[in-house]
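Each chain, letter by letter, is given below.
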2 protein chains.
Amino acid sequence: MNNPVTFELLHTCKQSGARLGVLHTPHGDIPTPIYMPVGTQATVKAMTPREMEEINAKIILSNTYHLHLRPGEDIVREAGGLLQFMDWHHPVLTDSGGFQVFSLAGLRKITEEGVAFRSHLDGSKQFISPEVSMDIQQALGSDIAMAFDVCSPYPCDHKTAEEAMHRTHRWAERCQKHHTRSDQALFGIVQGAFYEDLRIESAKTLADMDFPGYGIGGLSVGEPKPIMYDMLEKIEPYMPKHKPRYLMGVGTPDCFLEGVLRGIDMFDCVLATRIARNGTVFTRHGRLVVRNAQYARDFEPLEEGCDCYACQHFSRAYIRHLLKADEITGGRLASIHNLRFLIRMMEEIRQAILEDRFLDYRKEFYEKYDMTRNF
Amino acid sequence: MNNPVTFELLHTCKQSGARLGVLHTPHGDIPTPIYMPVGTQATVKAMTPREMEEINAKIILSNTYHLHLRPGEDIVREAGGLLQFMDWHHPVLTDSGGFQVFSLAGLRKITEEGVAFRSHLDGSKQFISPEVSMDIQQALGSDIAMAFDVCSPYPCDHKTAEEAMHRTHRWAERCQKHHTRSDQALFGIVQGAFYEDLRIESAKTLADMDFPGYGIGGLSVGEPKPIMYDMLEKIEPYMPKHKPRYLMGVGTPDCFLEGVLRGIDMFDCVLATRIARNGTVFTRHGRLVVRNAQYARDFEPLEEGCDCYACQHFSRAYIRHLLKADEITGGRLASIHNLRFLIRMMEEIRQAILEDRFLDYRKEFYEKYDMTRNF
């Protein structure tokens, strides 16, 4: 079967081993490594599609769980699919809902068949199985669908992690079997919590199932970052070289650097837009809380040298004023900056890989970046 | 003295007497009749300046009361003035704060000197007099400042209304005396509540003071619209013909038609953006509550034929989804549409006046417009 999404490994950095590639999808090519902004409810919060194009976003992520509950996949399908519905005529990846229902601790029950849960919106009884997740994602019509998985918490004992992993593998098979949409790729998800043996077993098992790409799930769930990095190093040799590797839910500057160094091609995270609305922005020097009083009379841009609309036109003093005054435009401008910051950083990372100097880039980044002001 | 703001009456509609003009200001010419979107806190809610340009906004209004309390006029002055602060390089009108402090019923005390009040933000003691209002507006650096006036409620007895009017006149003199900024015009404000004799006296008194333009204040404060229209008719003959007339705080489609018919040149109102964020939009057929369930599967634009970004790219179903999901983008798209609706209507009104067919335009508008779905 011709796969609708294929990955081309273009170059491996001679200095670091970091990967440069391109992901071909039905709605366009995506250069990798890539950061995917998150549009949970069929919109990247506070942003319009044309603003997403302006900051050079190439692909956005949307959420099966949220869209299933509201507005419902039927409405999205009737609209002509998610891209048409949200006027984003570029690639979209949907997650499976697995992580969201896992996060509903106390409100959900996991059985072999699937996950029964209560809607966080109205308390109504809901059920998502691998098959239901596939049905929803096929109705949404994303370019990339994710398998419905079982995420383990941190910390988690070996037995629980192993059972969750085996169930994830069985569910991955059910997803593969149920998935039929020919213009949509289905990615598998590696689980195994924080156990090297399980992570390697999961990577191998899923590699044998020949998915066109792989998520690495269940990381960044509360563990220290070095533990996450360890896991990435351990599984790297077992991840198929010519398939894209997507580190799910991760998106800070240092995690980009460490993930890319460990062979990651795709990232997503809501952090950029979430902290923006609360008045915190990324800079090359670390986190800057523009809401703070010290910026009341600071007429410099959020970040010197940034090419985004917010930095090209407005001062910290103005954006602080908007945020303090609960003006939507404050969150909008900070969101534009934060998303552009991450996208621009990825552009630089790709260039550094191409020029075989990714370790230099990483070192220079850390030299400027104040890790005490990290996330 | 050369006035920084001058009004040119270009044409009077032969069919209706409606006025077509141009207001020359330090930051550009404004065609009249004009609708001025409101940017209370130095931003039109949910909009960026470039979006305001895109919908063809020519001038925006900002609020002395709000900016005085937050961020304070000193910060705005240090930023280089309001235009620089908010990156809006077109004309700005500031109101005087009179209406805002009047609205703080129970929290303010009016004396001959000025108004003592408690800040709605932190309860701090504040005081605005005609002189303070001038100082603030001169620090803000708007193109047009408004005199600090006393607004009467509806209903209001004749004696109270008369006293408020006389104080307004005395304060207008103090404003005129205190105002020195040569690149900013000061407009007077006609008061007199709902008494013909007072309104005429106020119009005459202020005309004698030779302001470069006149606000008509204290209307649209709860009275039935026909009573407001009556007042406009009564004072029209006493308003200087070659000065702009600004009906303060008024901005619905029917009020545009009736105001223009009665010689009004300028309008402002927060309604467009306020109702937008609550999911209600203007259409040629009347109010449309796009939040309502009936639009869940309606894939038509907010308004057929509208040229705004929201209508050109998104469906009612999508915008409803965003609003229901509390997504900022929902309020943004509805705001763009509502502002563009009013601005476009004014463009049409100006064209109709120019072509001496304003009565026809008004009739055609009402024929399509469902007044039971009016505001």
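Structure first, text after, so check above.
Structure report, in brief. (Residues numbered from 1 in each chain as written. Chains lettered and ligands numbered in written order. Predicted model: local features only at pLDDT ≥ 70, side-chain atom pairs only at ≥ 80, totals over all residues. Heavy atoms only, no water.)

## Points about the packing of helix α8 (residues 196-208) of chain A against helix α9 (residues 225-235) of chain A
Residues and elements named next belong to chain A.
Alright, step 1. Across the interface, α8 lies against α9 with an axial gap of 9 Å and an inter-helix angle of 45°. Classified by the interaxial angle, the pair formed by α8 and α9 is oblique. Taken as a pair, α8 and α9 cross one another with a handedness that is right-handed. Residues Glu-196, Arg-199 and Ile-200 of α8 pack against Met-231, Lys-234 and Ile-235 of α9.
Alright, step 2. In terms of residue class, the contact of α8 with α9 is made up of 3 nonpolar, no polar and 3 charged. (Axes fitted to C-alpha atoms, helices over the stretch in contact; angles between N-to-C directions. Helix = DSSP H or I, 4+ residues; strand = E, 2+ residues; numbered from the N terminus. Parallel < 35°, antiparallel > 145°, perpendicular 65-115°, else oblique. Left-handed = near helix turned anticlockwise from the far one by under 90°. Contact = heavy atoms within 4.5 Å. Nonpolar A, V, L, I, M, F, W, Y, C, P; charged D, E, K, R; others polar.)

## Observations regarding the relation of the copies chain A and chain B
Two copies of a chain can be linked by a rotation about an axis combined with a shift along that same axis.
Alright, step 1. Its rotation angle being 180°, the transformation that places chain A on chain B also includes 0.0 Å of axial translation and leaves an RMSD of 0.0 Å. Accordingly, the operation relating the two chain copies is best matched by a two-fold axis. Minimal C-alpha distance to the rotation axis in chain A is attained by Ile328(A), lying at 3.7 Å.
Alright, step 2. Comparing interface residues between copies, 100% of those in chain A also lie at the interface in chain B; the contact surface is shared. (Least-squares fit on C-alpha atoms with pLDDT ≥ 70 in both.)

## Overview of the pattern of salt bridges
If charged atoms from side chains of opposite charge come close, those side chains can pair.
Alright, step 1. Tallying each qualifying case throughout the model produces 56 salt bridges over all chains.
Alright, step 2. Note that Arg170(A) is salt-bridged to Glu112(A), the shortest N-O span being 2.7 Å. On the criterion of sequence distance, the pair formed by Arg170(A) in helix α7 (residues 158-178) and Glu112(A) in the loop between β7 (108-110) and β8 (115-118) is long-range, its members being 58 residues apart.
Alright, step 3. In this structure Glu112(A) comes out as partly exposed when scored by relative accessible area, which is 31%.
Alright, step 4. Here Arg362(A) ties to Glu258(A) by a salt bridge, and the two come within 2.8 Å at their closest N and O atoms. A residue pair is termed long-range when its members are at least 10 positions apart, and Arg362(A) in helix α15 (residues 358-368) and Glu258(A) in helix α10 (residues 253-261) qualify at 104 residues.
Alright, step 5. Judged by its relative accessible area of 5%, Glu258(A) is buried.
Alright, step 6. Through salt bridges with shared partners, a single network forms among Glu51(A), Arg332(A), Glu51(B) and Arg332(B). (Salt bridge = Lys/Arg side-chain N within 4 Å of Asp/Glu carboxyl O. Buried < 20%, exposed > 50% of the residue type's maximum accessible area, 1.4 Å probe, protein only.)

## Section: the pairing of strand β9 (residues 125-128) of chain A
Residue and element names in this part refer to chain A.
Alright, step 1. Taking every second residue as pointing to the same face, the buried face of β9 carries Gln-126 and Ile-128, while none of Lys-125 and Phe-127 on the other face is buried.
Alright, step 2. Looking at chain direction, β8 and β9 are connected through 4 bridges and run antiparallel. Across the sheet, residue Val-115 finds its bridge partner in β9, namely Ile-128.
Alright, step 3. Counted between consecutive antiparallel strands, the loop separating β8 from β9 contains 6 residues, among which Gly-123 sits at a positive phi close to 75°. (Pairing = 2+ DSSP bridges.)

## Section: the state of the cysteines
Residues and elements named next belong to chain A.
Alright, step 1. Considering all chains together, one arrives at 0 disulfides over all chains under this definition.
Alright, step 2. Not part of a disulfide, Cys-13 finds its nearest cysteine sulfur in Cys-255, a span of 19 Å.
Alright, step 3. Counting only cysteine sulfurs, Cys-255 is the nearest neighbor of Cys-269, a cysteine outside any disulfide, at a range of 8.3 Å. (Disulfide = S-S within 2.5 Å.)

## Structural notes on the pairing of strand β11 (residues 185-190) of chain A
All names here are of chain A.
Alright, step 1. Along β11, 6 of the 6 residues are buried, which leaves the element largely enclosed by surrounding structure.
Alright, step 2. By the alternation rule, side chains of β11 split into Ala-185, Phe-187 and Ile-189 and Leu-186, Gly-188 and Val-190, which are all buried.
Alright, step 3. One ladder, built from 3 bridges, connects strand β10 (residues 144-146) with β11; its direction is parallel. Across the sheet, Ile-144 pairs through a bridge with Ala-185, a residue of β11.
Alright, step 4. Across 3 bridges, the pairing between β11 and strand β12 (residues 214-216) is parallel. Bridge assignment links Ile-189 to a residue of β12, and that residue is Gly-215.
Alright, step 5. Once you follow β11 into α8 and on to β12, the crossover reads as right-handed. (Right-handed = clockwise from strand over helix to strand, strands pointing away.)

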